[in-house]
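A structural walkthrough
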Amino acid sequence: MQQILEPLIEKIRNVKRIDEAESLLFETIKKSEQIKEALEFAKEAHTGQFRKSGEPYIIHPILVAAITAAISADKTMVIAALLHDVVEDTSYTIKDVEDKFGSDVSNLVEGLTKIIEIRDSELLPSTSDEKLLASALTFRKMLICSIEDVRVLVIKLCDRLHNMMTLDALPKAKQQRIAEETLVVYAPIAHRLGIAAIKNILEDLSFYYLFPDEYAKIDRFLTSHKQDFQIKLNTFISKVKTLMVHDGFKAGSFEIFGRLKHHYSIYLKMQRKGISIDEILDLLAIRVLVKEPLDCYRALGTLHLNFKPLIARFKDYVALPKENGYQTLHTTVFDDTSIIEAQIRTFKMHKTAEYGIAAHWKYKLGSSNINIEWLKNLQFQNESIEEFYELVKNDLYSEDISVFTPAGDQISLPRGATVLDFAYAVHTQVGERASGALVNKKQASLLTELKNGDLVRIITADHPIYHCTWIDAVKTSRAKSHMRMRCNQRRKEIDRMSSINILSATFSVSVKEIEEWIKEEGIESQIYRVARELSFYKEVIHRFIDSKKVRSIFPAFLQRQHRRLKQYDFENFIVYSADYIGSIEFDYCCHPKRDDPIVAFKIGSKAVVHHKFCEKAYGLIKDNTPMLYIEWSDSKMQGYRLLVTLKDEKGALAKFLSYLAKIDLNIISIKLGDGSSVSNVCEVIFETKSHDQNRLKELLEKKFKLIELVSLTDAYKQI
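Residue numbers here run from 1 along each chain, matching the order of that chain's written sequence. Local features are withheld for residues below a pLDDT of 70 in this predicted model, meaning they are given only at 70 or higher, and side-chain atom pairs are given and counted only at 80 or more; totals for whole chains, interfaces and linings count all residues. Each side-chain value is derived from all of the structure's non-hydrogen atoms; neither hydrogens nor water enter the calculation.

Quick word on the overall build of the protein chain
- A run of DSSP states H or I qualifies as a helix once it reaches four residues; a run of E qualifies as a strand once it reaches two. Both are numbered from the N-terminal end. A tally of regular secondary structure across the protein chain gives 29 helices and 20 strands.
- The cut-offs for exposure are 20% and 50% of the maximum accessible area for each residue type, with area from a 1.4 Å probe on protein chains only; residues under the lower value are buried, those over the upper are exposed, and the others partly exposed. Considering the protein chain as a whole, with its 719 residues, one finds that 52% of them fall into the buried category.
- Between two residues, a contact is recorded if the distance between any of their heavy atoms is within 4.5 Å. Sequence separation of 24 or more characterises 66% of the internal contacts of the protein chain that already satisfy a separation of 6 or more.
- Put simply, the protein chain shows about 34400 Å² of open surface, and 51% of that area lies on carbon and sulfur atoms. Note on areas: Shrake-Rupley with a 1.4 Å probe; residue coverage comes only from the protein chains shown.

In structure tokens form, the structure reads like this:
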């Protein structure tokens, strides 16, 4: 099957004139009166407008329409692509578009217009604290505008693809900013929609601008070995063709073509494995296309019976498709001195693999097996923009695994997902009541990481269970968002009851009297703040005393109310109480670590500390046990988690640790490798007096390949 998009991209690179762009458009889709009319309308609307490169602006929408036509062949989408900038950049309105081209086209154009791009002048430098927020805004607008019609997303991806091809005209800082956004926003969306043809090109273009040196090294290696690779592929393909015909396949009923892995996937593999490019064994790959699904397994038998397979690398996505519709058999085999990956799929599966949801329109495949429920569910996300971005991005871009319920239903989850993620994927109530699990009929923790093909049974309690300290441990946005929402509600409830208990202990009056006073003052909705904010606690104390002064005629009562609030400083804690507090103790039921949310109970002259989400503490709070206002004392040191890739050379770790000491970082723990084969990935937990994360990042990036630098903050901190 001939590749459509890559030859088109090569032609687009050479287009400089309007007539050349028009000619290319009508090579990809049959000329019709509506498309010609839309083309003339767009040309007139963009008259006098030019791009940064100096080219007439109209070339851009024409080429976006050509790319859209290549992957979808949908006339309405092509017309919308031609008009996608008309409303935003010219005097024409959506009403003008609807009157001329109908509501279907105008709805698409309106969806595209709502996705307000981060314009060149607004692009933020990569070091800016606002970078995440800006990308997140674009990201959410893109996805939410696409809920009603996913075609909006497909056209937007084509638009970004052409923009990435013309980045040369922009300053370097803007090139990197746009490439960064493409890699973390647009490529993941293409992946989720199953459009590999666009995803791979977007990734390689982004890689070229973000890591030019690494890209150049890989490119030089591939170019210098091109002939050798091609000979190896040709020889292997010839062998496989002969064997398949010998095994009963008719000549001409199947196709085999070879390919090299694309640049960015090679780079990711180098990073994951901690190896150089010449150590990657499976740079070469073939695709075998057959007519029927059963033929995939026949072809697999031919390969495995004639070439030694690496069984650990075999994956069956034909029987267990990915959520984005991807179906292929993956295997890796030895051929003489070469290791070659083979992907076996039907012609129909190939169309879906390359064009994803767009194949539904391009090839009129009938009902699509691509799950876009994730897109419809996005409107229910209540997180802040940054959290929305981080949560959904994680779901979009993670490699899928398939696990099963006891009834045999398949559940797709991102790699690294836990049993608790599975529970929430089955149903929210199952996640909320999950108390244990059986994985492959063996008892397992809710935080057990699942593997492809696992059979999972969730054991549920008869009441909801709060797993508030596990929010960081789960992987999916569904689990994280539900857990965070419930834990925030729970925290507010605990703080409300704690506040009443604190005030009761402060004034030595009954809980009932405090509750009545709160109701009289009309501060029921704010009272939870007493347990959180010292200033509000003191304000409420003054307010209570003032209100009692007005009403009371008994001097003894007033004297009792004037007990002064004192501050007691202990190691790691500050306690405020009107009574003497001589010591701090921990109970044995929970083990709060620094900066975890905590509560304190007044037992005689002791403050007994619990984790705020401790079940025993919750019982004591409900029983109106006297409580104290407590907070962590300020830490002079800020904790961070650092992930870096070290060079594969002798003494690399020693040099790294020496540098950390030089910049005054106090190492708490160090871990080399990630438990798999990635031995060059190093994780370090450290403390430092510096609270400037950007400055730390700059210092570390000067010397080492930084993967991640994260401040060790509270995972379920109030939004």
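Describing the packing of aromatic side chains
- Only Phe, Tyr and Trp rings take part, Trp by its six-membered ring, and two of them pair if their centres are within 6.5 Å. Stacked means planes under 30 degrees apart, edge-to-face means over 60, and tilted covers everything else. For the structure on display, the rule yields 24 aromatic pairs.
- On the numbers, 5.8 Å between centres and 55° between planes, the contact of Phe 573 with Phe 586 is tilted. Remark: Phe 586 occurs in strand E13 (residues 583–586) and Phe 573 occurs in strand E12 (residues 573–577); sequence separation between them is 13 residues.
- Judged by relative accessible area, Phe 586 falls into the partly exposed class, the value being 44%.
- Here Tyr 576 and Tyr 629 contribute two aromatic rings whose centre-to-centre distance is 5.8 Å and whose plane-to-plane angle is 70°, an arrangement assigned as edge-to-face. Of this pair, Tyr 576 sits in strand E12 while Tyr 629 sits in strand E16 (residues 627–632), and the two are 53 residues apart along the sequence.
- Using a relative accessible area of 7% as the deciding quantity, one classes Tyr 576 as buried.
- Through a chain of ring-to-ring contacts, the aromatic side chains of Phe 207, Tyr 208, Tyr 209, Phe 211, Tyr 215, Tyr 264 and Tyr 267 assemble into a single cluster.
- Geometrically, a charge over a ring is one whose NZ (Lys) or CZ (Arg) sits within 6 Å of the ring centre while staying within 35 degrees of the ring normal. Above the face of the Phe 536 ring, Arg 529 is positioned so that its terminal group lies 4.1 Å from the ring centre.

A short note on the state of the cysteines
- A pair of cysteine sulfur atoms is labelled a disulfide when the two atoms are within 2.5 Å. Scanning the entire structure with this criterion turns up one disulfide.
- Linked covalently through their sulfurs, Cys 468 and Cys 487 form a disulfide whose S-S length is 2.1 Å. On the sign convention where negative is left-handed, the bridge of Cys 468 and Cys 487, at about -100° about the S-S bond, is left-handed. With Cys 468 in the loop between strand E10 (456–460) and helix H23 (477–507) and Cys 487 in helix H23, this residue pair connects regions lying 19 residues apart in the sequence. Taken as a pair, Cys 468 and Cys 487 share a single burial class, namely buried.

Structural notes on the sheet that holds strand E9 (residues 442–444)
- Two strands pair if DSSP finds at least two bridges between them. Strand order in the open sheet formed by three strands is E9-E8-E10, and the pairing between neighbours is antiparallel. Across the chains shown, the open sheet's two edge strands, defined by having one partner strand only, are E9 and E10. Each neighbouring strand pair of the sheet contributes to a mean axis angle of 30°, computed without reference to strand direction.
- Sheet topology places strand E8 (residues 434–439) next to E9; three bridges connect them, and they run antiparallel. Counted as the bridge partner of Val 439 is Lys 442 from E9.
- To get an axis, a line is fitted to the C-alpha atoms, and for a helix only the part in contact is used. The angle between two axes follows their N-to-C directions and goes from 0 to 180 degrees. In the packing of helix H21 (residues 419–426) onto the sheet, contacts are made with E8 and E10, and the angle to E10 comes to roughly 80°.

Digging into the packing of H21 against H23
- Relative orientation of the contacting elements H21 and H23 amounts to 85°, with a least axis distance of 9 Å. The orientation of H21 relative to H23 falls into the category roughly perpendicular. Seen from H21, the contacting residues are Leu 420, Asp 421, Tyr 424 and Ala 425; seen from H23, they are Arg 478, Ala 479, His 482, Met 483 and Arg 486. Reported orientations rely on four angle classes, namely roughly parallel under 35 degrees, roughly antiparallel over 145, roughly perpendicular from 65 to 115, and oblique for the rest.

Observations concerning the sheet that holds strand E5 (residues 338–346)
- Here we have five strands laid out as an open sheet, ordered E1-E2-E5-E4-E3, and mixed in their pairing. Each having just a single partner strand, strand E1 (255–260) and strand E3 (315–316) make up the two edges of the open sheet.
- Summarising the sheet, strand E4 (residues 329–335) and E5 pair through seven bridges and their orientation is antiparallel. Bridge pairing links Asp 335 to Ser 338 in E5.
- Packing against the sheet, helix H16 (residues 293–306) makes contact with strand E2 (284–290), E3, E4 and E5, and its axis sits at approximately 165° to E5.
- Lying over the sheet, helix H17 (residues 347–355) contacts E1, E2 and E5, oriented at roughly 105° with respect to E5.

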